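# Notes for the structure review
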Amino acid sequence: MTMEKLTMPLVRTTEAAARAAEPWIGRGEKEQGDGAAVEAIRQAMATVPMAGEVVIGEGEKDEAPMLYNGEEVGDGEGPTIDIAVDPVEGTNFLAKGMPGSIVVLAASLSGNMFRPGPGFYVDKLVVPAAACGKIDPQAPLASKLGDLASALDKQVEDLRIFVLDKPRHQDMIGEIRSAGASVRLASDGDVSGGVMAALGDSVDALMGIGGTPEGVITACAAKAVGGDMVAAMAPQKDDEAAKIREFGLEPGQVLTMDELVKGEDLLFVATGVTSSDFLDGVRHYGEVVSTDTMVITGAHGTVQRIHTEKPMND
């Protein structure tokens, strides 16, 4: 399949970005760390045998000199590919030396990824394969939790829900706890949380409002492993609501998995920068640097971990 052929070339791009960001861990300068990762991943991506287009990147061309939305990447000789990339998800974690920063990208065949335009936020629900199609996104929260518990053959009290620790979620956090479930909070990093939910690893679902770009990346991973995801447009400002209407979307509009990403030929790649229970971070062993990468391929629904060791100056 197309994506399987691109697996190792794209793994090398996220590894390069993680190694470039590593010197900035704990230095309190998230822009510099992110910039180092952007430059490294873009340089590495230039050698990938594909005619890629950045569908989701660092922003519009007038805001981002590299990896901007619409930029052509790859050597231009291979298949036409949509790319969604976040050179460092969790820049605050990187700057503070905290667990959870990763380099992440997703790829699909050209034209298959949702273009969010000015829609910066969506209300997300991500669940593992056993709950696929069994949760009504319009149902009250308590009903969602009950249906999720039934699908996973658990009690509501056994559920753990990943939620971003933001003021907008305080009522929802209270509702989840009142229903009997527990909450795993994180200040950032809902791609990691969404992938863990899709895999049923450490958490049973992701709920709440987060970035639309991160949502599309998460959808690629969730779909590849047979999980489910829905996302409702959730503008956080009046001008954002007006802009998404001009773009042809509506506040509250629900996007299904197939609307977020079409097809089955998908690839998700994430490399750890700082260690967490999701991925190990970049590590030094003398003159050797090691990286830990997760790869999910949609063609066969496979999940693999790739540990790479290279000389520091390679």
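The rules behind these values
- Residues numbered from 1 in each chain as written.
- Predicted model: local features only at pLDDT ≥ 70, side-chain atom pairs only at ≥ 80, totals over all residues.
- Heavy atoms only, no water.
- Helix = DSSP H or I, 4+ residues; strand = E, 2+ residues; numbered from the N terminus.
- Rg over C-alpha atoms; globule rule 2.2 N^0.38 Å.
- Buried < 20%, exposed > 50% of the residue type's maximum accessible area, 1.4 Å probe, protein only.
- Contact = heavy atoms within 4.5 Å.
- Areas by Shrake-Rupley, 256 points an atom, 1.4 Å probe, with all protein chains shown as cover.
- Pairing = 2+ DSSP bridges.
- Axes fitted to C-alpha atoms, helices over the stretch in contact; angles between N-to-C directions.
- Salt bridge = Lys/Arg side-chain N within 4 Å of Asp/Glu carboxyl O.

### Digging into the overall build of the chain
Each helix and strand in the chain was counted, giving 9 helices and 14 strands. Taken over C-alpha atoms, the radius of gyration comes to 19 Å for the chain, in line with the 20 Å a tight globule of 314 residues would show. Counting only C-alpha atoms and orienting by the principal axes, one finds that the chain spans roughly 55 × 45 × 40 Å. Within the chain, the fraction of its 314 residues that count as buried is 53%. In the chain, once contacts between residues fewer than 6 apart in sequence are set aside, the share between residues at least 24 apart is 68%. On the chain, roughly 13,200 Å² of surface is accessible, and the fraction owed to carbon and sulfur atoms is 47%.

### Quick look at the environment of leucine 10
Relative to the helices and strands, leucine 10 is located in helix α1 (residues 2-21). A relative accessible area of 0% means that leucine 10 is categorised as buried. Residues leucine 10 and glycine 226, 216 residues apart in the sequence, show an inter-C-alpha distance of 22 Å.

### Some details on the pairing of strand β11 (residues 266-272)
Every other side chain in a regular strand lies on the same face of the sheet, so the side chains alternate between the two faces. By the criterion of burial, β11 is predominantly enclosed, with 7 of the 7 residues buried. Burial of β11 is two-sided: the residues Leu266, Phe268, Ala270 and Gly272 facing one way and the residues Leu267, Val269 and Thr271 facing the other way are all buried. Taken together, the 7 bridges between strand β4 (residues 102-109) and β11 define a ladder with antiparallel strand orientation. Each residue of the ladder has a partner; that of alanine 106, found in β11, is phenylalanine 268. Taken together, the 5 bridges between β11 and strand β13 (residues 288-297) define a ladder with antiparallel strand orientation. Of the residues in β13, the one forming a bridge with alanine 270 is methionine 294.

### Some points on the sheet that holds strand β9 (residues 228-233)
Across the sheet, which stays open at both edges, the 6 strands sit in the order β7-β6-β8-β5-β9-β10 with mixed pairing between neighbours. Either end of the sheet is taken by a strand with one partner, and the two such strands are β7 (182-186) and β10 (254-255). Where strand β6 (residues 160-164) and strand β8 (residues 205-211) come together, 2 bridges link them in parallel fashion. Its bridge partner being in β8, isoleucine 161 is matched across the sheet by alanine 205. Docked against the sheet, helix α7 (residues 212-224) engages β5 (121-127), β8 and β9, running at close to 20° with respect to β5.

### As for unusual backbone geometry
The phi angle at aspartate 153 is positive, at roughly 55°, despite the residue not being glycine. In this fold, aspartate 153 is placed in the loop between α4 (141-151) and β6. On the accessibility criterion, aspartate 153 (73% relative accessible area) is exposed. The phi dihedral of serine 202 falls on the positive side, at around 80°, and the residue is not glycine.

### Remarks on the pattern of salt bridges
Oppositely charged side chains may form a pair once their charged atoms are brought near each other. Scanning the model with the defined rule gives 11 salt bridges in all. Where aspartate 82 meets arginine 115, a salt bridge forms, and the shortest distance between an N and an O atom there is 2.9 Å. Taken together, the positions of aspartate 82 in strand β3 (residues 80-89) and arginine 115 in the loop between β4 and β5 put the pair 33 residues apart, joining distant regions of the chain. For aspartate 82, a relative accessible area of 0% corresponds to the buried category. Taking the relative accessible area as the measure of exposure, arginine 115 reaches 33% and is therefore partly exposed. The partner of glutamate 250 in a salt bridge is arginine 245, and the shortest N-O contact between them spans 3.2 Å. Take glutamate 250: its relative accessible area is 40%, and that puts it in the partly exposed class. Here the residues in one salt-bridge network are Glu53, Asp82 and Arg115, joined through shared partners.

### With respect to the environment of glycine 189
Tracing the backbone shows glycine 189 in the loop between β7 and α6 (190-199). Look at glycine 189 and you get buried, because its relative accessible area is 12%. Sequence spacing of glycine 189 and alanine 234 is 45 residues, and the spatial spacing of their C-alpha atoms is 18 Å. Not counting chain neighbours up to four residues away, the residues in contact with glycine 189 comprise Glu89, Phe162 and Leu164.

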